[in-house]
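Understanding the architecture of this molecule
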There are 2 protein chains.
Amino acid sequence: MTAPIPQSRLRGDRVTMAHGGGGKAMADLISEIFTDVFQPPGSEDQARLTAAALAEPGAQLALTTDSFVVSPPVFPGGDIGKIAVCGTVNDLAVGGAKPLWLSAAFIIEEGCEFALLRRIVASMQAEAEAAGVRIVTGDTKVVERGAADKVFVTTSGVGVIPPGRDMQASRIRPGDVALVNGVLGDHGATILAARGDMALSTDIRSDCQSLNGLIEAVLDAAPGTRAARDATRGGLASALNEMAAAAGVAIEIDETALPLRAEVRGVCEVLGLDPLYLANEGTLVLFVPEEEADAALSAMRAHPAGAGAALIGKAKDGPAGRVTMTTLFGGQRLVDRLVGEQLPRIC
Amino acid sequence: MTAPIPQSRLRGDRVTMAHGGGGKAMADLISEIFTDVFQPPGSEDQARLTAAALAEPGAQLALTTDSFVVSPPVFPGGDIGKIAVCGTVNDLAVGGAKPLWLSAAFIIEEGCEFALLRRIVASMQAEAEAAGVRIVTGDTKVVERGAADKVFVTTSGVGVIPPGRDMQASRIRPGDVALVNGVLGDHGATILAARGDMALSTDIRSDCQSLNGLIEAVLDAAPGTRAARDATRGGLASALNEMAAAAGVAIEIDETALPLRAEVRGVCEVLGLDPLYLANEGTLVLFVPEEEADAALSAMRAHPAGAGAALIGKAKDGPAGRVTMTTLFGGQRLVDRLVGEQLPRIC
């Protein structure tokens, strides 16, 4: 992916405190590891941007931010860099914004290997290109050994919500149906397995992917789409609880309809975890009016990020914020908000 | 500053891993500590914003980001929250942008006291109000004890550069004069003293302040202003070196003209530090055409953030990027870029 670096000015193979000191070493770190890849516009410490879409009457600017602290920083299907781009692109996209520009701030532990940083940066650039966004500005800080864990990445994203578009959970109405774009829990199960302390060996890979293209395809096919959420920390259950509460509706899902890999189901059974709460990084749930359900599903299935799309439930009249599931055995189960933690540092 | 909190849902007085898990505890942490104070618009995980200024033909959007890892997180004159707002406001303002909106992402170490978080958040809100910006979206992550140092804050900022405004270092021409708004090195000396391991006792306080109001005042009085830089990590010397390199000019400053407190000079002498490299968090250097120097200086001195303004040097023909200083004794000294680190975790 990256060309060989001729005559690096970086000495050794690890970050030292001097790389955070504001002097020559920092300038070398920033240029060789970061800006040579991201190629931000201009030379000032701010990106200057124009987009015709932003000037359209009625357009809104969307701004999001997320810090990423996932451990380990490299895992099957991605790394902390890929997730830092996907996560922020998706936070913009689920609100109906077209992502345009990202910032990236790195908190680096003394001793972090240059090779890890290069890998992360290459992943970020590749994913940004895939998602059609640009990483336009950034920052680096170095902290002493033991004051951080290798590297944390914070991305912020700016996008444009086209005039007239209004996706928010409060618009969900009884009768709307809930769709997901694919299998649940792959990211959470992957991170668990990657930590190695569970002696799990699986072929599961993180679902980490940008969803802006998929969402635009759904909106073209089903313009009445009410709202979307990426089912990250806290999983599908948390996303549904938030949406039910915001809309003041009840939501009922059907366990038989949930797309779930056998391996993920297995990992959950072994460890006593509930896949409804497992984190995803490329899986969303969206609500559409029932009459647009087929159109939305077809659009999703025609998109690479939605091949496993499924209708999993619906909104209904009932106690506001209540989420229930019809189980495999035909019973009813409350799908409550997560209490406590399931998996630390999942994203 | 903050009203007593009735019936807190937060148990105990410290952050636990559950506060990062995506469930009820996290929702309580976010609402009680963060959103009750920042009051972000809307309920989606993205801020939706409109500004007439953005839609003006020729206006540019400016985007910046900075992570803050200052240690200790509370120090005379400020804390990591205040600095996280000032720093990003200033990064926007020195490029000629009017700051509008900030995002704030928190990486919190397990065990961090709620009281510290509340203090930081109150400082951020107070400084945002003082600077006329809004903190509109955010994120929290919790990492296990030892994987971070109390709390790191990453802010990103969005601002608007009015049509026709173009502040950048490459516009500096030989003959332009260099102005600073006040004394140098207070922030760096304050952090050094606050660390306590130097047995320094001083009354110095960080200069941490937002500079957007000052910069607008200068631009009104001296519309030809070429460029500005806040002299943060690496101090005045680093800012001047960057500017000289970007403009392809030499810069000469006069040591007798540098505003410097006796206490800061004293700290530097004791510790063998050079105040030119000490970090500032509310001090900037700007270049104006010589004929606008008086107007710019008067405007600065009339502003609370510029009472100690001084003309410290000028740009001239000479080796591109070379910064020199006429010393107190009349000699000439090279003011090179910092090699290695001076003070880790200064911001």
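Looking at an unreviewed UniProt entry, chain A carries the name Hydrogenase expression/formation protein HypE, with the source organism given as Litorisediminicola beolgyonensis. Check the Sequence similarities (unreviewed entry) section of the UniProt entry for chain A; it says "Belongs to the HypE family."

All names here are of chain B. Within the secondary structure, Ala320 is located in the loop between strand E12 (310-316) and strand E13 (323-326). For Ala320, a relative accessible area of 56% gives the class exposed. Along the sequence, Ala320 and Asp294 sit 26 residues apart, while their C-alpha atoms lie 27 Å from each other. Once residues within four sequence positions are removed from consideration, Ala320 is found in contact with Ala244, Gly248 and Val249.

On to the pairing of strand E7 (residues 151-161) of chain A, then. All names here are of chain A. The buried count for E7 comes to eleven of eleven residues, which makes it a mostly enclosed element. Covered by surrounding structure in E7 are Val151, Val153, Thr155, Gly157, Gly159 and Ile161 together with Phe152, Thr154, Ser156, Val158 and Val160, the residues of both alternating faces. The pairing of strand E2 (residues 60-68) with E7 spans nine bridges and is antiparallel. What sits directly across from Thr64, in E7, is Gly157. Judged from the ten bridges that link them, strand E5 (residues 98-109) and E7 form a sheet pairing that is antiparallel. By the bridge assignment, Trp101 is partnered in E7 with Val158.

What follows is about the pattern of salt bridges. On inspection of all chains with the given rule, the structure shows 41 salt bridges over all chains. Residue Arg48 of chain A pairs with Asp166 of chain B through a salt bridge whose shortest N-O separation is 3.6 Å. With Arg48 of chain A in strand E1 (residues 47-49) and Asp166 of chain B in the loop between strand E7 (151-161) and strand E8 (177-180), this pair bridges two chains. By relative accessible area, Asp166 of chain B is classed as partly exposed at 31%. Here Arg345 of chain A and Glu144 of chain B are joined by a salt bridge, their closest N and O atoms 3.1 Å apart. With Arg345 of chain A in the segment after strand E14 (332-334) and Glu144 of chain B in the loop between strand E6 (134-143) and E7, the pair connects residues from two separate chains. Among the residues examined, Arg345 of chain A registers a relative accessible area of 5% and is labelled buried. Here the residues in one salt-bridge network are Asp66 and Arg233 of chain A together with Asp139 and Lys141 of chain B, joined through shared partners.

Residue and element names in this part refer to chain B. Because side chains alternate across E8, one face comprises the buried residues Val177 and Leu179, and the other comprises Ala178 and Val180, equally buried. Sheet topology note: the E8/strand E11 (residues 284-288) ladder contains four bridges and is antiparallel. Within the sheet, the bridge partner assigned to Leu179 lies in E11 and is Leu286. Where E8 meets E12, four bridges bridge the pair, whose relative direction is antiparallel. Considered in E12, the bridge of Val180 is made with Ala310.

Looking now at the relation of the copies chain A and chain B. Between the two copies, chain A and chain B, the superposition gives an RMSD of 0.0 Å; the rotation angle is 180 degrees and the shift along the axis is 0.0 Å. What the superposition gives is, in effect, a two-fold axis relating one chain to the other. The residues that chain A uses at the interface reappear at the interface of chain B in 100% of cases, marking a shared surface.

On to the UniProt feature "domain: PurM-like N-terminal" (unreviewed entry) in chain A. When the UniProt feature table is mapped onto this chain, "domain: PurM-like N-terminal" (unreviewed entry) is found at residues 52-161 of chain A. As a span, residues 52-161 of chain A carries 33% helix and 42% strand, and end to end its C-alpha atoms are 12 Å apart.

Turning next to the sheet that holds strand E10 (residues 250-254) of chain B. All names here are of chain B. Pairing is mixed in the open sheet, where seven strands are placed in the order E9-E11-E8-E12-E10-E13-E14. Lying at the two open borders of the sheet, with one neighbouring strand each, are strand E9 (227-230) and strand E14 (332-334). This sheet shows a mean twist of 25 degrees between the axes of neighbouring strands, independent of strand direction. Summarising the sheet, E10 and E13 pair through four bridges and their orientation is parallel. Bridge pairing in E13 links Glu252 to Thr324. Lying over the sheet, helix H7 (residues 235-247) contacts E8, E9, E10, E11, E12 and E13, oriented at roughly 35 degrees with respect to E11. Sitting on the sheet, helix H9 (residues 293-301) touches E8, E11 and E12, and the angle it makes with E8 is about 5 degrees.

Calculation rules
Residues numbered from 1 in each chain as written. Chains lettered and ligands numbered in written order. Predicted model: local features only at pLDDT ≥ 70, side-chain atom pairs only at ≥ 80, totals over all residues. Heavy atoms only, no water. UniProt positions renumbered as here; feature names shortened; annotations may be inferred. Helix = DSSP H or I, 4+ residues; strand = E, 2+ residues; numbered from the N terminus. Buried < 20%, exposed > 50% of the residue type's maximum accessible area, 1.4 Å probe, protein only. Contact = heavy atoms within 4.5 Å. Pairing = 2+ DSSP bridges. Salt bridge = Lys/Arg side-chain N within 4 Å of Asp/Glu carboxyl O. Least-squares fit on C-alpha atoms with pLDDT ≥ 70 in both. Axes fitted to C-alpha atoms, helices over the stretch in contact; angles between N-to-C directions.

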